[in-house]
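For reference, the chains in residue letters:
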Amino acid sequence: MNDETLTQLDTISQQLHARSRTLSQSDKDNDIAILMSALAVTMEAVRSLGEDMNQLNGPKGLGSDGS
């Protein structure tokens with residue numbers, strides 16, 4: 001994963017958490033808020049796994065695919 005993708009995952013995750021908090025304050029949208037929060041957590045996990053994979057690949061040219 002490139003840095004732009006990791007940044008986008010982080011940004012979208014933060015936005016989902018913020019929207020989830022807003023929705024959870026109203027009584028009628030709790031289910032949607034829970035789903036948004038779960039999606040945000042999933043995106044954070046994907047971002048974290050992407051960072052780990054990038055570290056395992058190492059610097060470009062040392063077995064890395066170069067992307």
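Residues numbered from 1 in each chain as written. Predicted model: local features only at pLDDT ≥ 70, side-chain atom pairs only at ≥ 80, totals over all residues. Heavy atoms only, no water.

S.K.: Describe the overall build of the protein chain, and please don't skip the residues or the numbers.
M.R.: A count of helical and extended segments in the protein chain gives two helices and zero strands. Within the protein chain, buried positions represent 19% of all 67 residues. Contacts spanning at least 24 positions in sequence make up 48% of the contacts within the protein chain whose residues lie at least 6 apart. (Helix = DSSP H or I, 4+ residues; strand = E, 2+ residues; numbered from the N terminus. Buried < 20%, exposed > 50% of the residue type's maximum accessible area, 1.4 Å probe, protein only. Contact = heavy atoms within 4.5 Å.)

S.K.: Hey, could you go over the pattern of salt bridges for me, with residue numbers and the actual values?
M.R.: Overall, the coordinates contain two salt bridges when judged by the stated rule. Where R47 meets D10, a salt bridge forms, and the shortest distance between an N and an O atom there is 3.9 Å. Linking R47 in helix α2 (residues 30-57) with D10 in helix α1 (residues 3-25), this pair joins segments that are 37 residues apart in sequence. Note on D10: relative accessible area 29%, which makes it partly exposed. In this structure, the salt-bridge partner of E51 is R47, at a minimum N-O distance of 3.0 Å. Taken together, the residues E51 and R47, both in helix α2 and four residues apart, mark about one turn of the helix. On the accessibility criterion, R47 (19% relative accessible area) is buried. (Salt bridge = Lys/Arg side-chain N within 4 Å of Asp/Glu carboxyl O.)

S.K.: Break down the side chain of S20 for me, citing the residues and quoting the values.
M.R.: Along the polypeptide, S20 turns up in helix α1. Among the residues examined, S20 registers a relative accessible area of 8% and is labelled buried. For S20, the side chain forms a polar contact with the main-chain oxygen of A33, separated by 2.7 Å. Leaving out residues up to four positions away in the same chain, S20 has contacts with A33, M36 and S37. (Polar contact = N/O pair within 3.5 Å; in protein donor to acceptor, adjacent residues only side chain to side chain.)

S.K.: Just give me the short version of α1, but keep the residues and values in it.
M.R.: Taking 1.5 Å of rise per residue, 23 residues should cover 33 Å, and α1 covers 34 Å from first to last C-alpha, within 8% of that figure. All of the buried residues in α1 are L6, L9, S13, L16, H17, S20 and L23. For α1, the N-terminal capping position is held by N2, with its side-chain oxygen 3.3 Å away from the main-chain nitrogen of E4. (Expected span 1.5 Å × (residues − 1).)

S.K.: Describe the environment of L49, naming the residues involved and giving the relevant values.
M.R.: Here L49 shows up in helix α2. We classify L49 as exposed; its relative accessible area is 55%. L49 sits 48 residues away from M1 along the chain, and the two C-alpha atoms are 9.5 Å apart.

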